[in-house]
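Each chain, written out:
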Amino acid sequence: MLIPVFAAAHNLSGANARFVEGLDGPAVIPYMYLGAKHMVTGYDHLLYLVGVVFFLLRLKDVILYVSLFTLGHSITLMGGVLLGWNVNAYLIDAIIGLSVAYKAFENINGFKQIFGFALNARAAVLIFGLFHGLGLATKLQGLSLSADSLVTNMLSFNVGVEVGQALALACIVVILGQWRQRNSFKKQAFAANTVLMSLGFMLAGYQFSAYLWA
Amino acid sequence: MNTKTSQIVVLQTDKRRVLLASFLAFILAAAVLSVFILPAEFNRDPLGVGEALGIAGLSQPAGVSLETVNKEEGAFHQDSVSFQLLPFEFVEYKYSLSKGSSMLYRWTATKSRSGESSAVSFDFHGESHEVEGYEESYSEGEGDHEGGTFIAPFEGIHGWFWANHGAEAVTLTLSTTGFYTESLEFRDGFEKKQILK
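Here the structure is a predicted model, which is why all the values come from computation and not from measurement. (Residues numbered from 1 in each chain as written. Chains lettered and ligands numbered in written order. Predicted model: local features only at pLDDT ≥ 70, side-chain atom pairs only at ≥ 80, totals over all residues.)

### Quick notes on the overall build of chain A
Tallying secondary structure elements over chain A gives nine helices and zero strands in all. Starting at the N terminus and walking to the C terminus, you meet the elements of chain A as α-α-α-α-α-α-α-α-α. Looking at chain A as a whole, 44% of its 214 residues qualify as buried. Residue pairs in contact within chain A that sit at least 24 positions apart in sequence constitute 87% of those at least 6 positions apart. (Helix = DSSP H or I, 4+ residues; strand = E, 2+ residues; numbered from the N terminus. Buried ≥ 20, exposed ≤ 12 C-beta atoms within 10 Å, placed from the backbone. Contact = placed C-beta atoms within 7 Å.)

### Quick word on the environment of Glu185 of chain B
Residues and elements named next belong to chain B. You can see Glu185 is positioned in strand S9 (residues 182-187). Spatially, the C-alpha atoms of Glu185 and Glu92 are 5.8 Å apart, while their sequence positions differ by 93 residues. Setting aside chain neighbours within four positions, we find Glu185 in contact with Tyr93 and Lys192.

### Side note on the sheet that holds strand S3 (residues 102-111) of chain B
All names here are of chain B. Strand order in this open sheet of four strands is S1-S8-S3-S6, and the pairing throughout is antiparallel. Strands at the two margins of the open sheet, each flanked by one partner only, are strand S1 (77-85) and strand S6 (145-151). Along the sheet, successive strands turn relative to each other by an average axial angle of 15 degrees, direction set aside. Relative to strand S8 (residues 170-178), S3 runs antiparallel, the two sharing nine bridges. If you follow Trp107 over to S8, its bridge partner there is Leu174. (Pairing = 2+ DSSP bridges. Axes fitted to C-alpha atoms, helices over the stretch in contact; angles between N-to-C directions.)

### A word on the confidence of the model for chain B
All names here are of chain B. A residue-level look at chain B finds 91% of positions with pLDDT of 70 or above and a mean pLDDT of 86. Of the regions scoring below 50 in pLDDT, residues 1-7 engages in one contact with residues more than four places distant in sequence or in other chains. Scoring the predicted complex yields pTM 0.63 and, for the interface, ipTM 0.81. (pLDDT = per-residue confidence, 0-100.)

### Comments concerning the sheet that holds strand S10 (residues 190-195) of chain B
All names here are of chain B. The six strands are arranged S5-S4-S7-S2-S9-S10 in an open sheet whose pairing can be described as antiparallel. With partners counted over all chains shown, the strands left at the sheet margins are strand S5 (135-143) and S10, one partner each. With strand direction ignored, the average angle separating the axes of adjacent strands in the sheet is 15 degrees.

### Looking at unusual backbone geometry
All names here are of chain B. Although it is not a glycine, Phe88 adopts a positive phi angle of roughly 70 degrees. Positive phi, close to 50 degrees, is recorded for Asp188, a residue that is not glycine. Structurally, Asp188 can be placed in the loop between S9 and S10.

### Details of the interface of chain A and chain B
Note on interface size: it is often stated as the accessible area lost on association of the parts. Of the residues lining the interface, 24 residues belong to chain A; the matching set on chain B comes to 24 residues. Broken down by secondary-structure element, the contributors of at least two residues to the side of chain A that touches chain B are helix H5 (89-107), helix H6 (110-115) and helix H9 (185-213) of chain A. With 11 residues, the single largest contributor to the side of chain A that touches chain B is H9 of chain A. Residues of the side of chain A that touches chain B, tallied by class, amount to 16 nonpolar, eight polar and no charged. (Nonpolar A, V, L, I, M, F, W, Y, C, P; charged D, E, K, R; others polar.)

### As for the pairing of strand S2 (residues 90-97) of chain B
Residue and element names in this part refer to chain B. Strand direction decides the pairing type here: S2 and strand S7 (residues 156-163), joined by eight bridges, are antiparallel. In the strand pairing of S7, Leu97 is matched with Gly156. For S2 and S9, the ladder comprises four bridges, and the chain directions are antiparallel. Note that in S9 the partner of Glu92 across the bridge is Phe186.

### Describing the nonpolar core
The biggest cluster of nonpolar side chains holds 62 residues, and the ones touching the most others in it are Val100 and Ala101 of chain A. Among the elements of the structure, helix H2 (28-40), helix H3 (43-53), helix H4 (59-83), H5, helix H7 (121-142), helix H8 (150-181) and H9 of chain A together with helix H2 (15-42) of chain B are those that each provide at least two residues to this core. Among the elements that take part in this core, H5 of chain A stands out by supplying 10 residues, more than any other. Discounting chain neighbours no more than four positions away, the residues touching Val100 of chain A are Asp44, Leu47, Tyr48, Gly51, Leu196, Leu199, Gly200 and Leu203 of chain A. (Core = buried A, V, L, I, M, F, W, Y, C linked by C-beta atoms within 7 Å.)

### A few points about the packing of H4 of chain A against H8 of chain A
Residues and elements named next belong to chain A. For the pair H4 and H8, the least separation of the axes is 11 Å and the interaxial angle reads 155 degrees. In terms of orientation, H4 and H8 fall into the roughly antiparallel class. For the crossing formed where H4 meets H8, the hand is right-handed. When H4 is examined against H8, the residues Val62, Val66, Thr70, Ser74, Leu77, Met78 and Val81 are found in contact with a partner set consisting of Met154, Asn158, Glu162, Leu169 and Val173. Split into classes, the residues belonging to the contact of H4 with H8 amount to eight nonpolar, three polar and one charged. (Parallel < 35°, antiparallel > 145°, perpendicular 65-115°, else oblique. Left-handed = near helix turned anticlockwise from the far one by under 90°.)

### Side note on the pairing of S10 of chain B
Residues and elements named next belong to chain B. Taken across its six residues, S10 has zero buried, putting it largely on the surface. One ladder, built from six bridges, connects S9 with S10; its direction is antiparallel. Within S10, the position partnered with Leu184 by the bridge is Lys193. The loop that links S9 with its antiparallel partner S10 comprises two residues; one of these, Asp188, has a positive phi angle of about 50 degrees.

Okay, here's the thing in structure tokens:
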């Protein structure tokens, strides 16, 4: 399943895919690398993470939310691959786009203001984690994994995803921390989340179009 | 669950601002999608702006362009024929092709006894069905092989004349594939015509 370049928002690139498909048996480091690369270069996951930690001031909260996200996506990443779920990668990526818009809307207090009700933020991060994991599973399934070393390679990929996520988060948290020090943060935060919401809609529209026409 | 610590900080906003921001976010996304992303990535141009900007069809695979793909409706054929030419014998073998139809070809000439390559004189040419008596030569000379792509410049019969000027028997082998409709062989004053289905 080597999807054309224009859908590359989120697929493992052709050369990498061919490389790992040529491997026989367990390949811990290559799969770890691919997992990390997928996370660091996957702007949908990154935008979602920005949304999640945007207003988390304490490291403790960052760790809590990110752990819930990790738990969610690990469950469906491994479950999806092991059970061979055949979900459409574009639809999942469209939902991932909507998760970005959802988080941004939550950040500007949209649910309380408009619906008078907000889903528990921690539950939401876990649930969207499940969807992100399904997306990861479709990418990994796109590589024809050899059955004998499936579990090893999948776990390596998952570990790589977490390493990549930690690296990306470190950058995001430091930059957000610097930004919060400034007086203008309060003003810009609202605009930034509006932009984030818009980017989420764009991602969703892009992936849904790819589902329809690609 | 301690509500005080579980409460994440969110912006203090009001309903009007949230509605306005969500509306703007949605409109911006819809605009970028319909002006740039749909025309450039999916060749869908709901507003016609992509065409004006010159980005419509940016991601079309090259194979779809008219210059590289020439679609044909006719039957597709693949053939291989061979002839033996004694010294000073000649033969003509042609295919009917309509204008713009194409054919891939390759022929070789070898000495019948030893199998070594052997030069013959050849003339690859066409005769028009539209203009009485019109002939055009595409490639002629001496050689032991030739191959290529042929696109018929007019409707008619197109093919080869080969003559063996050597002292030994020569075997000619012609392989073709394309959208021709019939084959014609001219030899010793006889014409052998075969309609291909």
